[in-house]
Amino acid sequence: MTSSSPKALAGRRVLLIVGGGIAAYKALDLIRRLRERGAQVRPLLTESAQEFVTPLAAAALAGERTHTDLFDRESEADIGHIKLARDADAIVVAPATANLMARMATGHAPDLASTVLLATTLPILIAPAMNVRMWLHPATQRNLATLKTDGVAVVGPNEGAMAEAEFGPGRLAEPHEIADALEALLAQRSGGQVLGFLAGRETLKKPLAGRHVLVTSGPTHEPIDPVRYLANRSSGRQGHAVAAAAAAAGARVTLVSGPVAIPDPAGVTVVRVESAREMLAAVEAALPADLAIFAAAVGDWRPAETRAGKIKKDGSTPPPLQLVENPDLLATIAGRGEGRPPLVVGFAAETDDVIANAQRKIARKGCDLIVANDVSAAGGVMGGLENTVHLVARDGSVETWPKLAKEEVGRRLVARFAERLAATSR
Ligand SMILES: Cc1cc2nc3c(=O)[nH]c(=O)nc-3n(C[C@H](O)[C@H](O)[C@H](O)COP(=O)(O)O)c2cc1C
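Because the structure is predicted, anything quoted here is derived from the model rather than measured.

A. Quick look at helix 12 (residues 276-286). Of all the positions in helix 12, only A276, M279, L280 and V283 are classed as buried. Angularly, the buried residues of helix 12 cover 100° about the axis, an arc narrow enough to put them on a single face. Here the buried face of helix 12 lies against strand 8 (212-217), strand 9 (222-223), strand 11 (252-257), strand 14 (301-303) and helix 13 (329-334).

Given below as structure tokens:
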């Protein structure tokens, strides 16, 4: 999340398209938040959105009339759909329904909202919100990947409890998060009106275009017998967020993932493994790469032997668990002569002396950068949604960020890696 000054959107004109989802009521709060930051908001409601909120409520909060119909003669004569598509600095779609995302991704334009979205060259920010199963459906994920490729910015959805006692990603991002994302988008597209969607495709430099990025993520499972294993608390969220950010930055991404309970990032090739040895084999098979990021929490040890049958509890002393060391993926790949990726990044989960330990780890492993991950209670417990990281470089430089959502950490890391990679290959 970016921090915002109170009037950071002063003078900005925003066309707010509200889709027909249960979260449409939050769009009313979003109008207030955007206006508090100085934006002028012009609301546009889909027909379905009007089942949830009224054009009158939106107009009253925006202080502007609400647009609803494509074939409204009066409004077409006044501000037609093409003018709506041009007469703003950005378009925000909140909530973006699965249906509206599908219309946008396919260029299907049967109503005012989708026609405006097809006719515009303005920067577009969508805030999807829907049932978790709709969100995770391959069709929605395909549409999302298409929209990202087209240069559409996305905020959320957030994770949490949803209607019908379900839990998962699908909740509309909070209004302040949407406003923050809009500020970031407008800052990035320097003015919006000239750049944006179509023009943006040529002018927005995808910093990792043409690069192959290899990311490891998640825990490993080291089998004891057919039913038991040694594991750790890694959720894979940070590694997956880095992979998603690298794909959004234009890279071809191979994600080698241990067992996780989170969805695959869109637009990424995922190789699923269980143990450290399988992970190393998958990493070696995926090389060559321009950038290798070792975010997985690879088990340091594995049982010396894996029993073929389940170990029986026979009432006598518990069986001894003899451990042997696992291969060190980071040191192995960073220490390669031929075929070493030009940039090798490790992650270090630490609870004490985070930066000093990271510096020692760089020297020991031979990598270029370490993302030191504060997994103490204050930093953001392992497996959580947020992370406090320090980016430590071989030359001793350290960059520290406040506690951030793992998605934002992923985007910032990828931006830094892209800069380093560009510098090394210059
Ligand atoms: C009570 C109710 C709640 C709904 N909530 C959502 C939602 O949160 N997200 C979504 O994508 N669709 C939701 N839908 C389905 C959309 O309303 C439907 O797909 C509609 O065609 C969307 O139209 P629009 O994209 O033009 O706004 C809901 C439908 C109903 C009846």
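B. How the structure looks around the site of the ligand. Near the ligand, the surroundings consist of 15 residues, among which G20, G21, T46, S48 and T97 are the closest. In terms of residue count, the dominant contributor to the shell around the ligand is helix 5 (residues 98-106) (three residues). Grouping the amino acids of the shell around the ligand by side-chain chemistry returns eight nonpolar, seven polar and no charged.

C. Examining unusual backbone geometry more closely. A cis amide bond links A94 with the next residue in sequence, P95, at an omega value of -5°. Following the sequence through the fold, P95 ends up in strand 3 (residues 90-96). Looking along the chain, the bond that leaves L287 and enters P288 is cis, with omega of 5°. Inspection of the secondary structure puts P288 in the loop between helix 12 and strand 13 (291-294).

D. Highlighting the nonpolar core. Of all hydrophobic cores here, the largest spans 122 residues; its most connected members are L16, A94 and A246. It is helix 11 (residues 237-248) that contributes the most residues to this core, eight residues altogether. Not counting residues up to four positions away in its chain, the partners in contact with L16 are A27, L30, I31, V41, R42, P43, L44, V92 and A94.

E. Quick look at the sheet that holds strand 16 (residues 343-350). Strand order across the open sheet formed by eight strands is 12-11-8-13-16-17-19-20, with mixed pairing between neighbours. Of all the strands in the sheet, just strand 12 (269-272) and strand 20 (398-400) have a single pairing partner and so form its edges. For this sheet, the mean inter-axis angle between neighbouring strands, taken without regard to orientation, is 15°. Direction of pairing for strand 13 relative to strand 16: parallel, over a ladder of four bridges. Note on strand 16: the bridge partner recorded for F294 is G346. Set on the sheet, helix 12 makes contact with strand 8, strand 11 and strand 12; between it and strand 11 the angle comes to about 165°.

F. Quick peek at the pairing of strand 2 (residues 40-45). Summarising burial for strand 2: five of the six residues are buried, a large majority. Pairing analysis gives six bridges linking strand 1 (residues 13-18) to strand 2, with the strands arranged parallel. Bridge pairing in strand 2 links L16 to P43. Between strand 1 and its parallel partner strand 2, the chain crosses via helix 1 (residues 24-36), and the hand of that crossover is right-handed.

G. Seen up close, the sheet that holds strand 3. Read from one edge of the open sheet, five strands run 2-1-3-4-5, paired in parallel fashion. Strands with a single pairing partner mark the edges of an open sheet, and in this sheet they are strand 2 and strand 5 (153-154). Two elements, strand 1 and strand 3, share four bridges in a ladder whose sense is parallel. Within strand 3, the residue paired with V14 across the bridge is A90. Across the sheet, helix 2 (residues 55-62) lies against strand 1 and strand 2, angled at about 175° from strand 2, the strand it touches most.

What counts and what doesn't
- Residues numbered from 1 in each chain as written.
- Predicted model: local features only at pLDDT ≥ 70, side-chain atom pairs only at ≥ 80, totals over all residues.
- Buried ≥ 20, exposed ≤ 12 C-beta atoms within 10 Å, placed from the backbone.
- Helix = DSSP H or I, 4+ residues; strand = E, 2+ residues; numbered from the N terminus.
- Arc of directions from axis to C-beta.
- Contact = placed C-beta atoms within 7 Å.
- Near = placed C-beta within 6 Å.
- Nonpolar A, V, L, I, M, F, W, Y, C, P; charged D, E, K, R; others polar.
- Core = buried A, V, L, I, M, F, W, Y, C linked by C-beta atoms within 7 Å.
- Pairing = 2+ DSSP bridges.
- Axes fitted to C-alpha atoms, helices over the stretch in contact; angles between N-to-C directions.
- Right-handed = clockwise from strand over helix to strand, strands pointing away.

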